[in-house]
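If you want the building blocks of each chain, they are given just below.
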Amino acid sequence: MRKSLPYIAVVTSMIIWAGSGIAVKAALEALAPLTLVLSRFTIGILLMLVIGLIANRTTAPNSILRLQMVEKQDMWLFVLGGVFEPFLYFIFETYSYKLFATPTIAEAFLSTNPLIAPIFALIFLREKVTLWNIIGILVSTGGMLMLVLAGSASFELGSLWAIPLAFVTVCMAVTYSILLKKVPEKYSSLTMVFWMQLVGLVLFYLVAGVKVLVHPQAAWLVGKVSGSAVGGVAYLAAMSSVTAFVLFCYSVRYLGVTKANIFNNIRPVFTALLMLFIFGEQLPGWKWIGIVVIVLGLFICQKQSKKQFKSQTEHLQTQQL
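Residues numbered from 1 in each chain as written. Predicted model: local features only at pLDDT ≥ 70, side-chain atom pairs only at ≥ 80, totals over all residues. Heavy atoms only, no water.

A. Structural detail: the overall build of the protein chain. For the protein chain, the count of helices and strands is 14 helices and 0 strands. Looking at the protein chain as a whole, 47% of its 321 residues qualify as buried. Taken as a whole, the protein chain presents about 15,600 Å² of accessible surface, with 72% of it coming from carbon and sulfur. (Helix = DSSP H or I, 4+ residues; strand = E, 2+ residues; numbered from the N terminus. Buried < 20%, exposed > 50% of the residue type's maximum accessible area, 1.4 Å probe, protein only. Areas by Shrake-Rupley, 256 points an atom, 1.4 Å probe, with all protein chains shown as cover.)

Here it is, written out as structure tokens:
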């Protein structure tokens, strides 16, 4: 069971993030984008602080939920992590969606983490990339493109700056994964997410200060606060900003950057399924085939030798959920 925990964690994080779009749409009916970002990460930080303080008293020393102070020599990793994600990533992602012709096309380009991750992992971590990894990534990415683009009415890209901006956005996310892997293992997953998001939140507040001075109403309400808007903020804070990030951080440590990032390909799968079950949005045949191809690619990518399997199992004994 323990050997499957990183896979359960990463799949759960992708399910949570798949629902983020629905929550964002609900929250933006009442809140301006900047207000939403500040709200979700402020609440998230407070939640992690409470969880960490409770876990410090009640859980084992190696629990992923303990909250620790960061030693001076390691602080640069946490600062860089916060700069890349959430701060820069959310800014670049927002403008990417704005420059692409449609959200569907944007989603396709912004879901290419698995193609970039092996290159970064090889260069910065010397992480071994096997032939099975490459085949699985290509198969799964092909399925993701089939799922996202099949049946699209328009294939117009939009602005010429959209593609390079999306590439930079993806690089931000992959760099964040690299930094997670480089953080010493003495730090818990909650500790990493807490301090990195705190750095990002401080930067967001600095930006918000300038925004409020220039346009006093631009950073606050755009409509009437409703129950769905409050629910959207709560979901983004507790689930997307805390739970999903902690679980993804845990999975990166044990699966590696390449194997963890390929699961980004299943985010559109869960988004499509959520739209089906919640809103009754039907999936044509080609999209179901795309889902099957994505899952097949994930299984291929996760193929590993007995030596790798034994090493990962032993590694999991050192930290508890």
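Moving on from the model shown.
B. Quick peek at the nonpolar core. Counting residues in each nonpolar core, the largest one holds 73 residues, and the members touching the most others are Phe78, Leu180, Phe248 and Phe263. The leading source of residues in this core is helix H10 (residues 227–255), at 11 residues. Apart from residues lying up to four places away in sequence, Phe263 is in contact with Tyr7, Val10, Val11, Met14, Leu255, Leu298 and Gln302. Counting 8 residues, the second largest nonpolar core, distinct from the first, contains Ala30, Leu31, Ala229 and Val233. (Core = buried A, V, L, I, M, F, W, Y, C linked by side-chain atoms within 4.5 Å. Contact = heavy atoms within 4.5 Å.)

C. How the structure looks around the packing of helix H1 (residues 5–18) against H10. Between H1 and H10, whose axes approach to 8 Å, the crossing angle comes to 150°. Considering their axes alone, H1 and H10 lie roughly antiparallel with respect to each other. In the packing of H1 onto H10, the handedness of the crossing is left-handed. Along its contact with H1, which presents Leu5, Pro6, Tyr7, Ala9, Val10, Thr12, Ser13, Met14, Ile15, Ile16 and Trp17, the element H10 presents Tyr235, Met239, Ser240, Thr243, Ala244, Phe245, Leu247, Phe248, Tyr250, Ser251, Tyr254 and Leu255. (Axes fitted to C-alpha atoms, helices over the stretch in contact; angles between N-to-C directions. Parallel < 35°, antiparallel > 145°, perpendicular 65-115°, else oblique. Left-handed = near helix turned anticlockwise from the far one by under 90°.)

D. Representation of the pattern of salt bridges within the structure. Applying the stated rule across the entire model yields 2 salt bridges. The partner of Lys186 in a salt bridge is Asp74, and the shortest N-O contact between them spans 3.4 Å. Of this pair, Lys186 sits in the loop between helix H8 (162–182) and helix H9 (189–214) while Asp74 sits in the loop between helix H3 (33–58) and helix H4 (75–99), and the two are 112 residues apart along the sequence. Since its relative accessible area comes to 8%, Asp74 is described here as buried. Salt bridges linked by common partners bring Glu71, Asp74 and Lys186 together as one network. (Salt bridge = Lys/Arg side-chain N within 4 Å of Asp/Glu carboxyl O.)

E. Quick look at the packing of aromatic side chains. Counted under the stated rule, the structure contains 13 aromatic pairs. Aromatic pair Phe78 and Tyr187: ring centres 5.3 Å apart, planes at 85°, arrangement edge-to-face. Of this pair, Phe78 sits in helix H4 while Tyr187 sits in the loop between H8 and H9, placing them 109 residues apart in sequence. Exposure remark for Phe78: the relative accessible area of 1% places this residue in the buried category. Note on Phe194 and Trp195: the rings are 5.0 Å apart at their centroids and 85° apart in plane angle, and the pair reads as edge-to-face. For Phe194, a relative accessible area of 6% gives the class buried. A residue is classified by how much of its surface remains accessible, and Trp195, at 21% relative accessible area, is partly exposed. Members of the aromatic cluster, connected to one another through ring pairs, are Phe41, Phe87, Tyr89, Phe90 and Phe204. (Phe/Tyr/Trp six-rings, centres within 6.5 Å; stacked < 30°, edge-to-face > 60°.)

F. Local environment of the side chain of Glu85. Here Glu85 lies in helix H4. Of the side chains with opposite charge, Arg267 comes closest to the buried, unpaired Glu85, at an N-O distance of 7.0 Å. The contacts of Glu85, once residues within four sequence positions are left out, are Ala173, Tyr176 and Phe245. (Lys, Arg positive; Asp, Glu negative; His and termini not counted.)

G. Quick peek at the side chain of Thr175. Its place among the elements puts Thr175 in helix H8. Not counting the four nearest positions on each side in its chain, Thr175 is found in contact with Phe84 and Phe120.

H. Spatial organisation of H10. Of all the bends in H10, the greatest, near 30°, is centred on Leu236. With its phi angle positive at about 95°, Gly256 sits one or two positions after the end of H10. (Bend = angle between axes of the 7 residues up to and from the residue.)

I. The arrangement of the environment of Ile51 in detail. Structurally, the position occupied by Ile51 is in helix H3. Overall, the relative accessible area of 33% leaves Ile51 in the partly exposed class. Excluding residues that lie within four positions of it along the chain, Ile51 makes contacts with Leu65 and Leu190.

J. A look at unusual backbone geometry. The backbone phi angle of Arg126 is positive, close to 55°, even though this residue is not glycine. Considering the arrangement of structural elements, one finds Arg126 in the loop between helix H6 (113–125) and helix H7 (131–149).

Note that all results are geometric; they support no functional claim without further evidence.
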